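Breakdown of the fold
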Amino acid sequence: MSLLDALADRDRVFDFLVPASSPVDVRHGPILYLEDVNVSFDGFKAINNLNLTINDGELRCIIGPNGAGKTTMMDIITGKTRPDSGQVWFGSRHNLLTKNEPEIASLGIGRKFQKPTVFEALSVFDNLELAMAADKRVLPTLTARLSGEQRSRIDEVLETIGLESLCGRQAGILSHGQKQWLEIGMLLMQRPRLLLVDEPVAGMTEQEMERTAELLTSLAGKQSVVVVEHDMGFVRSIARQVTVLHQGSVLAEGTMDQVSNDPKVIEVYLGAEEEA
Ligand SMILES: Nc1ncnc2c1ncn2[C@@H]1O[C@H](COP(=O)(O)OP(=O)(O)OP(=O)(O)O)[C@@H](O)[C@H]1O
């Protein structure tokens, strides 16, 4: 063990010594840990003593009414928004509050926004190749021809996202759902440890939703996946553990059956959803 590893292992105080590329350490705890996080915007508490733990390989769904703080929570994890107070750790080594957005991405946290942002003029294959280039470790090699290993990584991701037969087609002609899967594939090219996925099924057909449910559940285990979603049918189809946010805090946590029978959750969220 190097001196750096020894110091990093010894105490979190030495976090500043941990290189950004150091592996995520989940040997003794969760992959993502938020403790007593607070964020105010002009005096309004968007995140209020938020505590959240995501285990390695877990698929977690986050639900909650509009304005509950779901997006702000994702923004905090990815370094877009700095909390006023609290702790945010990626494994036991990486204090995310000391890192900026690119550093957090390079540690292995990928974020999928609601709207797909694929390169429409490029083929499906080229989109995936370009996403690999965003991984600085492989950038120098991509200026030459793809290595066998890189090609097989693209093939593997194409299979995962179910777009093998469309790999030569322009991304612009894909359906909305296929574009979403391609974008998830682009994130996978960088081998993230944690994927944050914002409203993946908005605007999808029933069939696309089913395929997305299969895709996200197949990713869990290999990486941790946090899905923010309003579509309760979809959440029910994929969720093992559900966290309900309300007014910037965790209102309830448990299986879908547990949270959907929780009177507090029915009052602030599910009741309103059913009436809508
Ligand atoms: N940059 C900002 N400035 C001021 N207020 C903000 C800002 N970002 C978020 N808010 C407020 O913080 C609260 C939480 O917003 P957030 O977008 O995190 O909720 P959400 O749960 O993602 O909602 P939705 O389901 O509608 O996407 C809201 O009241 C919102 O208006």
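Heads up: these notes are all about the structure in this document. None of the values given here were measured: they were computed from a predicted structure.

Criteria and thresholds
Residues numbered from 1 in each chain as written. Predicted model: local features only at pLDDT ≥ 70, side-chain atom pairs only at ≥ 80, totals over all residues. Helix = DSSP H or I, 4+ residues; strand = E, 2+ residues; numbered from the N terminus. Buried ≥ 20, exposed ≤ 12 C-beta atoms within 10 Å, placed from the backbone. Near = placed C-beta within 6 Å. Nonpolar A, V, L, I, M, F, W, Y, C, P; charged D, E, K, R; others polar. Axes fitted to C-alpha atoms, helices over the stretch in contact; angles between N-to-C directions. Parallel < 35°, antiparallel > 145°, perpendicular 65-115°, else oblique. Left-handed = near helix turned anticlockwise from the far one by under 90°. Contact = placed C-beta atoms within 7 Å. Pairing = 2+ DSSP bridges. Expected span 1.5 Å × (residues − 1). Arc of directions from axis to C-beta.

What follows concerns the overall build of the chain. Regarding its fold elements, the chain presents 11 helices and 10 strands. Counting the 276 residues in the chain, one finds 39% classified as buried.

Close to the ligand lie Phe-41, Ala-46, Gly-64, Asn-66, Gly-67, Ala-68, Gly-69, Lys-70, Thr-71 and Thr-72. Looking at which element gives the most residues to the shell around the ligand, the answer is helix α2 (residues 70–77), with three residues. Looking at the shell around the ligand residue by residue, the classes come out as three nonpolar, six polar and one charged.

Attention shifts here to the packing of helix α4 (residues 124–133) against helix α6 (residues 148–161). The interhelical angle for the contact between α4 and α6, taken along N-to-C directions, is 120°, at an axis separation of 10 Å. One finds that α4 runs oblique with respect to α6. Where α4 crosses over α6, the two elements pack in a sense that is right-handed. Here α4 contributes Phe-125, Leu-128, Glu-129 and Met-132 to the contact with α6, which in turn contributes Gln-150, Ile-154, Val-157 and Leu-158. When the residues that make up the contact of α4 with α6 are grouped by side-chain class, the tally is six nonpolar, one polar and one charged.

Moving on: the sheet that holds strand β2 (residues 44–54). One open sheet holds the four strands; their spatial order is β2-β1-β4-β5, and the pairing between them is antiparallel. At either margin of the open sheet sits one strand with a lone partner, and together these are β2 and β5 (94–95). Of the strand pairs in this sheet, strand β1 (residues 32–41) and β2 are connected by seven bridges, and their pairing is antiparallel. For Leu-32, the partnering residue across the bridge sits in β2 and is Ile-54. Of the strands in this sheet, β1, β2 and β4 (85–90) touch α2, which is tilted by about 65° from β2.

A word on unusual backbone geometry. With the exception of glycine, most residues fall at negative phi, and the peptide bonds are largely trans. Positive phi, normally seen in glycine, also occurs at Asp-36, with a value near 45°. Of the residues examined, Asp-36 has 12 C-beta atoms within 10 Å and is grouped as exposed.

This next bit is on the environment of Pro-23. By the secondary structure assignment, Pro-23 is in the loop between α1 (3–10) and β1. Distance in space between the C-alpha atoms of Pro-23 and His-94 is 9.1 Å, their sequence separation being 71 residues.

Strand order in the open sheet formed by six strands is β6-β7-β8-β3-β9-β10, with mixed pairing between adjacent strands. Looking at which strands have only one partner, the edges of the open sheet turn out to be β6 (109–112) and β10 (249–254). The sheet shows a mean angle of 20° between the axes of neighbouring strands, direction not considered. Both strand β7 (residues 194–198) and strand β8 (residues 224–228) contribute to a ladder of five bridges, which runs parallel. Bridging from a neighbouring strand, Leu-194 pairs with Ser-224 of β8. Docked against the sheet, helix α8 (residues 206–219) engages β3 (59–63), β7 and β8, running at close to 145° with respect to β8.

Another point: α6. Taking 1.5 Å of rise per residue, 14 residues should cover 20 Å, and α6 covers 20 Å from first to last C-alpha, within 8% of that figure. Inspection of α6 places Ile-154, Val-157, Leu-158 and Ile-161 among the buried residues, and these make up the whole buried set. For α6, the buried positions fall inside an angular range of 105° around the axis, keeping them on one side. What points out from α6, more than 90 degrees from its buried face, is the exposed set Gly-148, Glu-149, Ser-152, Glu-156 and Glu-159. On its buried side, α6 packs onto α4, α7 (176–188) and α8. Gly-162 lies just past α6 and shows a positive phi near 70°.

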